[in-house]
Amino acid sequence: MTDAQETTLIEALKKVDAHGDIAPPHVQDPMTMALRQRAIAADLMRWDDSRGRYVLTGTGRSRISARNRAPGAVLRFRRRDESDGATQRKAD
């Protein structure tokens, strides 16, 4: 999935969390219906009979929060010199 599609999906999931659906029920455009079907197929949201609206699943909530987190930093590891390792082992 491209970054633009991913951003659109995340925004749609935020609307589901706030309003209970991606768009109001009277909106039947193809893009809205495709987003709704993709989110259901990916197990990001489901219909809740007791509430009468869509709700996010745990996967959908983690998808929203993962998008807001900064990427992890890559650290370089230095090799320990042989003399440093030998000194530390003798002290132990």
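Residues numbered from 1 in each chain as written. Predicted model: local features only at pLDDT ≥ 70, side-chain atom pairs only at ≥ 80, totals over all residues. Heavy atoms only, no water.

Details of the overall build of the protein
Okay, so step 1: Of the regular secondary structure elements, the protein holds 4 helices and 2 strands.
Okay, so step 2: Helices and strands appear in the protein in the N-to-C order α-α-β-β-α-α.
Okay, so step 3: Here the protein holds 92 residues, and the buried ones make up 26% of them.
Okay, so step 4: For the protein, the accessible surface area stands at approximately 7200 Å², while carbon and sulfur atoms represent 52% of it. (Helix = DSSP H or I, 4+ residues; strand = E, 2+ residues; numbered from the N terminus. Buried < 20%, exposed > 50% of the residue type's maximum accessible area, 1.4 Å probe, protein only. Areas by Shrake-Rupley, 256 points an atom, 1.4 Å probe, with all protein chains shown as cover.)

Quick word on the nonpolar core
Okay, so step 1: Counting residues in hydrophobic clusters, the biggest one holds 12 residues: Leu9, Ala12, Leu13, Val16, Ile22, Leu35, Ala39, Leu44, Met45, Tyr54, Leu56 and Ile64.
Okay, so step 2: Elements with a contribution of two residues or more to this core: α1 (3-19), α2 (30-41) and β2 (53-56).
Okay, so step 3: The leading source of residues in this core is α1, at 4 residues.
Okay, so step 4: For Met45, the residues in contact, after removing those within four places along its chain, are Val16, Ile22, Arg36, Ala39, Ile40, Tyr54, Val55, Leu56 and Thr57. (Core = buried A, V, L, I, M, F, W, Y, C linked by side-chain atoms within 4.5 Å. Contact = heavy atoms within 4.5 Å.)

Some thoughts on the pattern of salt bridges
Okay, so step 1: The final tally for this structure, using the stated rule, is 5 salt bridges.
Okay, so step 2: Across the salt bridge formed by Glu11 and Lys14, the nearest N and O atoms sit 3.9 Å from each other. Remark: Lys14 and Glu11 occur in helix α1; sequence separation between them is 3 residues, near one turn of the helix.
Okay, so step 3: The class of Glu11 is partly exposed, set by a relative accessible area of 41%.
Okay, so step 4: Lys14 sits in the partly exposed class, given a relative accessible area of 34%.
Okay, so step 5: Notably, a salt bridge pairs Arg36 with Asp21, separated by 3.2 Å at the nearest N-O pair. Here the residue Arg36 occupies a position in helix α2, and Asp21 occupies one in the loop between α1 and α2, the gap between them amounting to 15 residues. One exposure class covers both Arg36 and Asp21, and it is buried. (Salt bridge = Lys/Arg side-chain N within 4 Å of Asp/Glu carboxyl O.)

Here we look at the pairing of β2
Okay, so step 1: In this sheet, β2 lies alongside strand β1 (residues 45-48) in antiparallel orientation, the contact comprising 4 bridges. Bridging from a neighbouring strand, Arg46 pairs with Val55 of β2.
Okay, so step 2: Between β1 and β2, which pair antiparallel one after the other, the connecting turn spans 4 residues, and Gly52 there sits at a positive phi close to 75 degrees. (Pairing = 2+ DSSP bridges.)

Thoughts on the side chain of Asp48
Okay, so step 1: Within the element layout of this structure, Asp48 appears in strand β1.
Okay, so step 2: Residue classification places Asp48 among the buried positions, given a relative accessible area of 12%.
Okay, so step 3: With near-sequence residues (within four places) excluded, Asp48 lies in contact with Arg53 and Val55.

Observations regarding the packing of aromatic side chains
Okay, so step 1: Within this structure, the stated rule accounts for 1 aromatic pair.
Okay, so step 2: With a centroid separation of 5.0 Å and an interplanar angle of 80 degrees, the aromatic rings of Trp47 and Tyr54 are classed as edge-to-face. (Phe/Tyr/Trp six-rings, centres within 6.5 Å; stacked < 30°, edge-to-face > 60°.)

Shape descriptors only; they carry no functional weight alone.
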